[in-house]
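# Topology and contacts: notes
Each chain is listed here by its residues.
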Amino acid sequence: MQRDEVVHLQIRTREISDPVSYILQAAIGRRVLNVGAGGGVERYLPEHRDLWLHARLRNVAAEVTGIDIDHDSIEFASRHGVKIDYGDCENVCFDHPFDLIVMSDVIEHVNAPLYAISNLARQLSPQGRLLITTPNLTHYGMIGKAWFGKNTSVYYDHVMGFLPEHFQAISNRLGLSLTDIAFFSHIDSRSMLNRYKSLLSRFIGKLIPRAHSSLLVILESQERTCYPKP
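Not measured: the values here are computed from a predicted model.

## A few points about the environment of R31
Among the structural elements, R31 can be located in strand 2 (residues 31-35). Since its relative accessible area comes to 28%, R31 is described here as partly exposed. Between the C-alpha atoms of R31 and E63, which are 32 residues apart in sequence, the distance is 4.8 Å. Not counting residues within four places of it along the chain, the set of residues in contact with R31 comprises E63, H96, P97, F98, D99 and L100. Within polar-contact distance, the side chain of R31 engages the side chain of E63 at 3.4 Å.

## Things to note about the packing of helix 5 (residues 113-121) against helix 7 (residues 164-174)
Axis separation between helix 5 and helix 7 bottoms out at 11 Å; the angle between their running directions is 55 degrees. As the angle between them shows, helix 5 and helix 7 are arranged oblique. Considering the relative orientation of helix 5 and helix 7, their crossing is right-handed. Contacts between helix 5 and helix 7 pair L114, I117 and S118 from the former with F167, I170, R173 and L174 from the latter. Here the contact of helix 5 with helix 7 is composed, by residue class, of 5 nonpolar, 1 polar and 1 charged.

## So, the packing of aromatic side chains
Scanning the entire structure with this criterion turns up 2 aromatic pairs. A centroid spacing of 5.1 Å and a plane angle of 85 degrees characterise the contact between F94 and F98, whose relative ring orientation is edge-to-face. Assessed through its relative accessible area of 13%, F94 is described here as buried.

## Concerning the pairing of strand 5 (residues 98-104)
Regular strands place side chains that alternate from one sheet face to the opposite one. Within strand 5, 5 of the 7 residues are buried, leaving the element largely enclosed by the surrounding structure. Bridge count for strand 2 against strand 5 is 4 bridges, and the pairing is parallel. Opposite V35, over in strand 5, you have M103 as the bridge partner. Handedness of the crossover joining strand 5 and strand 6 (residues 124-135) through helix 5: right-handed.

## Comments concerning the pairing of strand 6
Where strand 5 lies against strand 6, 6 bridges are found, and the strand directions are parallel. Following the sheet pairing, I101 is matched in strand 6 by L130. Pairing geometry for strand 6 and strand 8 (residues 214-220), over 7 bridges, is antiparallel. Paired with T134 across the two strands is L215, which belongs to strand 8.

## A closer look at the sheet that holds strand 4 (residues 85-86)
Taken together, the 8 strands give an open sheet; going across it, the order is 1-7-8-6-5-2-3-4, and neighbouring strands pair in mixed fashion. The sheet is open, and its two edges are formed by strand 1 (14-15) and strand 4, each paired on a single side. As paired elements, strand 3 (residues 63-68) and strand 4 share 2 bridges and run parallel to each other. Paired with I67 across the two strands is D85, which belongs to strand 4. Along the sheet face, helix 7 touches strand 6, strand 7 (177-184) and strand 8 and points at about 165 degrees away from the line of strand 7.

## So, a nonpolar patch on the surface
A surface patch of nonpolar side chains, amounting to about 340 Å² of accessible area, comprises F203, L207 and I208. You can see I208 is positioned in the loop between helix 8 (192-207) and strand 8.

## So, unusual backbone geometry
Note that the residue after L45, namely P46, is joined by a cis bond; omega there is 0 degrees. Here P46 is to be found in the loop between helix 2 (41-44) and helix 3 (53-60). Although it is not a glycine, D105 sits at a positive phi angle of roughly 55 degrees. For D105, the position within the fold is in the loop between strand 5 and helix 5. What makes D105 partly exposed here is its relative accessible area of 30%. Although it is not a glycine, Q127 sits at a positive phi angle of roughly 70 degrees. Along the chain, the position of Q127 falls in strand 6.

Each value, and the rule that gives it
In every chain, residue numbers begin from 1 and rise along the written sequence. It should be noted that, the model being predicted, local features are given only for residues of pLDDT at least 70 and side-chain atom pairs only at 80 or more, the latter also being counted only at that level, while totals for whole chains, interfaces and linings use all residues. As a rule here, side-chain values cover all heavy atoms of the structure and leave hydrogens and water aside. Helix numbers and strand numbers start at the N terminus; a helix is a DSSP run of H or I with at least 4 residues, a strand a run of E with at least 2. The buried label goes to any residue with under 20% of its type's maximum accessible area, the exposed label to any with over 50%, and the partly exposed label to all in between, with areas taken from a 1.4 Å probe on protein chains only. The contact rule is simple, with two residues in contact once any of their heavy atoms fall within 4.5 Å. Throughout this description, a polar contact denotes any pair of N or O atoms lying within 3.5 Å of each other; where both atoms belong to protein, one of them has to be capable of donating a hydrogen while the other can accept it, and for residues adjacent in sequence the pair is counted only when both atoms sit in side chains. Between the N-to-C directions of two axes lies an angle of 0 to 180 degrees, each axis being a line fitted to C-alpha atoms and, for a helix, fitted only over the stretch in contact. Just so you know how the angles are binned, under 35 degrees is roughly parallel, over 145 roughly antiparallel, 65 to 115 roughly perpendicular, and the rest oblique. Crossing handedness follows the turn of the near helix against the far one: under a right angle anticlockwise gives a left-handed crossing, and clockwise gives a right-handed one. Amino acids outside the nonpolar list (Ala, Val, Leu, Ile, Met, Phe, Trp, Tyr, Cys, Pro) and the charged list (Asp, Glu, Lys, Arg) are all regarded as polar, and Gly is one of them. When the centres of two rings from Phe, Tyr and Trp lie within 6.5 Å, Trp using its six-membered ring, the rings pair. Their planes under 30 degrees apart give stacked, over 60 give edge-to-face, and anything left gives tilted. Following DSSP output, two strands are said to pair if at least two bridges run between them. The handedness of a crossover follows from its direction of travel: if, with the strands pointing away from the viewer, the path from the first strand over the helix to the second runs clockwise, the crossover is right-handed. Each patch is built from salt-bridge-free residues with over 30% relative accessible area, joining like charges within 9 Å and nonpolar side chains (Val, Leu, Ile, Met, Phe, Trp, Tyr) within 5 Å. Each accessible area value is a Shrake-Rupley result obtained with a 1.4 Å probe; residue values ignore everything except the protein chains displayed when judging cover. We count a salt bridge whenever a side-chain nitrogen from Lys or Arg sits within 4 Å of a carboxyl oxygen from Asp or Glu.

Here is the structure:
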């Protein structure tokens, strides 16, 4: 590929209504690694455990390992009976492969996304999948604010942004297969205003899928070269 060649998606994009159901369906009976498992744990434990993705994965998967780099979240989960290991996705290595690795709204926080993706892909079982969700850069709200000269909503710990084409370029560079691309909008029910905004995002996304608030991709690797450390 020439350096000035524009990246073109090699598969069609689509729309999904419920990313959590998608993730849980993919996890049924599988050995799963949940990266960033402690994210938002304080909002879910103990009263809302049934809404926490990590707990829901444990209900359907054959085995679930959770890792995070936030010691406070790990400790909080431990106090409520849930084990999450400390691990940095850029360099963590396990002594067994995983059928599914989930990075749900994690990749935008990572210092070196390509290192993280490359490292995790090496720990997939044959035909294993790396599932990533992340905010969508072409969300109608982001485009609208930029168009009218307003500040876009970027959280303090979000240091990266992605388009589907970025994941195509990443998969090309790392020798992976990009096998699914889906747009979706979460329904945020924390307030009436948030709910209205997310419903509007979902409606606009129905008309223009690239206007949805979030993006889901599946990356696959045929090889595993990460082995236990001595």
